[in-house]
Amino acid sequence: MKILSAKYKTSVVKKENILQDGVPEFAFVGRSNVGKSSLINRLVGQKKLAKTSSTPGLTKMVNYFDINETFRFVDLPGYGYAKVGKGQLDVWAGLMGEYILSSASLNTIFVLVDIRHNASALDVDMLKFLIYHGVPFIVLATKCDKLSKSKQYLQVKALAASLGIREELIVPTSSETGQGCDKVLEIIENKLSFGEEE
């Protein structure tokens with residue numbers, strides 16, 4: 001798949017404004033500062049489509065982007081810096097959780113984790129949340145340009161073990177070099193084609 005067009009659609013801050021128009025959506029979620037916006041920009045071949053910030057946790061909205069006039073990328077609020085109650089489920093009680101559970105257009109969620117570190121408790125909770133609710137996901141291990149190929153391999157194994165998932169569900173990516181981006185686009189193309197066959 002090649003992305004020929006990508007443009008900002010809208011941002012929402014309330015559950016009632018979540019788009020429900022049937023356009024297939026691929027959402028990106030992860031801890032604040034994991035590189036969501038940078039990876040989205042790399043995938044679409046634009047530098048400033050999704051806004052990046054040096055301030056963690058800046059994205060508080062659900063941001064929609066129309067891709068190839070056929071599907072959407074959705075940039076979800078980062079987790080890890082939000083002020084929440086003691087219960088871990090409170091993390092998902094906000095707009096991000098509302099989107100995941102109420103969007104009829106959601107096809108797949110890409111969960112971003114930093115390949116240089118072990119999965120955090122919030123990463124583990126996110127996957128448990130998605131598995132419990134039957135939401136399809138793929139883990140994107142970001143910033144892999146910071147590690148050698150052999151170290152990437154070891155870290156993917158370690159992440160799979162800590163997240164309790166198969167290694168095939170983890171794609172090493174880099175917004176700097178573009179590593180893994182073709183694989184991500186291939187996954188999206190396959191999922192869109194599968195949806196058309198149903």
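Just so you know, these numbers come straight off a predicted model, no measurement behind them.

Criteria and thresholds
- Residues numbered from 1 in each chain as written.
- Predicted model: local features only at pLDDT ≥ 70, side-chain atom pairs only at ≥ 80, totals over all residues.
- Heavy atoms only, no water.
- Helix = DSSP H or I, 4+ residues; strand = E, 2+ residues; numbered from the N terminus.
- Buried < 20%, exposed > 50% of the residue type's maximum accessible area, 1.4 Å probe, protein only.
- Contact = heavy atoms within 4.5 Å.
- Areas by Shrake-Rupley, 256 points an atom, 1.4 Å probe, with all protein chains shown as cover.
- Phe/Tyr/Trp six-rings, centres within 6.5 Å; stacked < 30°, edge-to-face > 60°.
- Disulfide = S-S within 2.5 Å.
- Pairing = 2+ DSSP bridges.
- Salt bridge = Lys/Arg side-chain N within 4 Å of Asp/Glu carboxyl O.

Chemist: What should I look at first to understand the overall build of the chain in this one?
Modeler: A count of helical and extended segments in the chain gives five helices and seven strands. Counting from the amino terminus, helix and strand elements in the chain follow one another as β-β-α-β-β-α-β-α-β-α-β-α. Within the span of the chain, comprising 198 residues, buried residues form 48% of the whole. At a minimum sequence separation of 6, the contacts of the chain that also span at least 24 residues come to 75%. For the chain, the computed accessible surface area is about 10300 Å², with 51% contributed by carbon and sulfur atoms.

Chemist: Looking at this structure, I do not really get the packing of aromatic side chains. What am I missing?
Modeler: Aromatic ring pairs are reported here in terms of the distance separating the ring centres and the angle at which the planes meet. In total, this model carries seven aromatic pairs according to the counting rule given. Considering the side-chain rings of Phe 28 and Phe 110, the 5.2 Å spacing of their centres and the 35° angle between planes classify their relative orientation as tilted. Of the two residues, Phe 28 sits in strand E2 (residues 25-30) while Phe 110 sits in strand E5 (residues 106-114), which places them 82 residues apart along the sequence. Take Phe 28 and Phe 110: they sit in the same class, and that class is buried. For the pair Tyr 64 and Tyr 99, a centre-to-centre distance of 6.5 Å together with 75° between the ring planes defines the contact as edge-to-face. You can see Tyr 64 sitting in strand E3 (residues 62-67) and its partner Tyr 99 sitting in helix H2 (residues 95-102), a full 35 residues away along the chain. We note that Tyr 64, like Tyr 99, is buried. An aromatic cluster is built from Phe 26, Phe 28, Phe 71, Phe 73 and Phe 110, whose rings are joined through pairwise contacts.

Chemist: It is not clear to me how the state of the cysteines should be interpreted in this structure. Could you clarify?
Modeler: By definition, a disulfide links two cysteine residues through a covalent bond between their sulfur atoms. Evaluation of the coordinates by the stated rule reveals zero disulfides. Looking at Cys 144, it has no disulfide partner, and the nearest cysteine sulfur is the one in Cys 181, 8.8 Å off.

Chemist: Just to check I follow, could you spell out the pairing of strand E4 (residues 71-75) for this structure?
Modeler: The side chains of a regular strand alternate, first on one face of the sheet and then on the other. Taken across its five residues, E4 has five buried, putting it largely inside the fold. In E4, alternate side chains face the same way, and those of Phe 71, Phe 73 and Asp 75 on one face and Arg 72 and Val 74 on the other are all buried. Relative to E4, E3 runs antiparallel, the two sharing five bridges. Counted as the bridge partner of Phe 65 is Phe 73 from E4. Here E3 folds back onto E4 in antiparallel fashion, the turn holding three residues, of which Asn 68 has a positive phi close to 55°.

Chemist: What exactly am I supposed to notice about the pattern of salt bridges here?
Modeler: Per the counting criterion, the structure on display carries nine salt bridges. Measuring nitrogen to oxygen at the nearest pair gives 3.6 Å for the salt bridge that ties Lys 15 to Glu 98. Within this pair, whereas Lys 15 is found in the loop between strand E1 (6-12) and E2, its partner Glu 98 is found in helix H2, the two being separated by 83 residues in sequence. Judged by relative accessible area, which is 46%, Lys 15 ranks as partly exposed. For Arg 72, the salt bridge identified is with Asp 21, shortest N-O distance 2.7 Å. With Arg 72 in strand E4 and Asp 21 in the loop between E1 and E2, the pair connects residues that are 51 residues apart, well separated along the chain. Judged by its relative accessible area of 3%, Arg 72 is buried.

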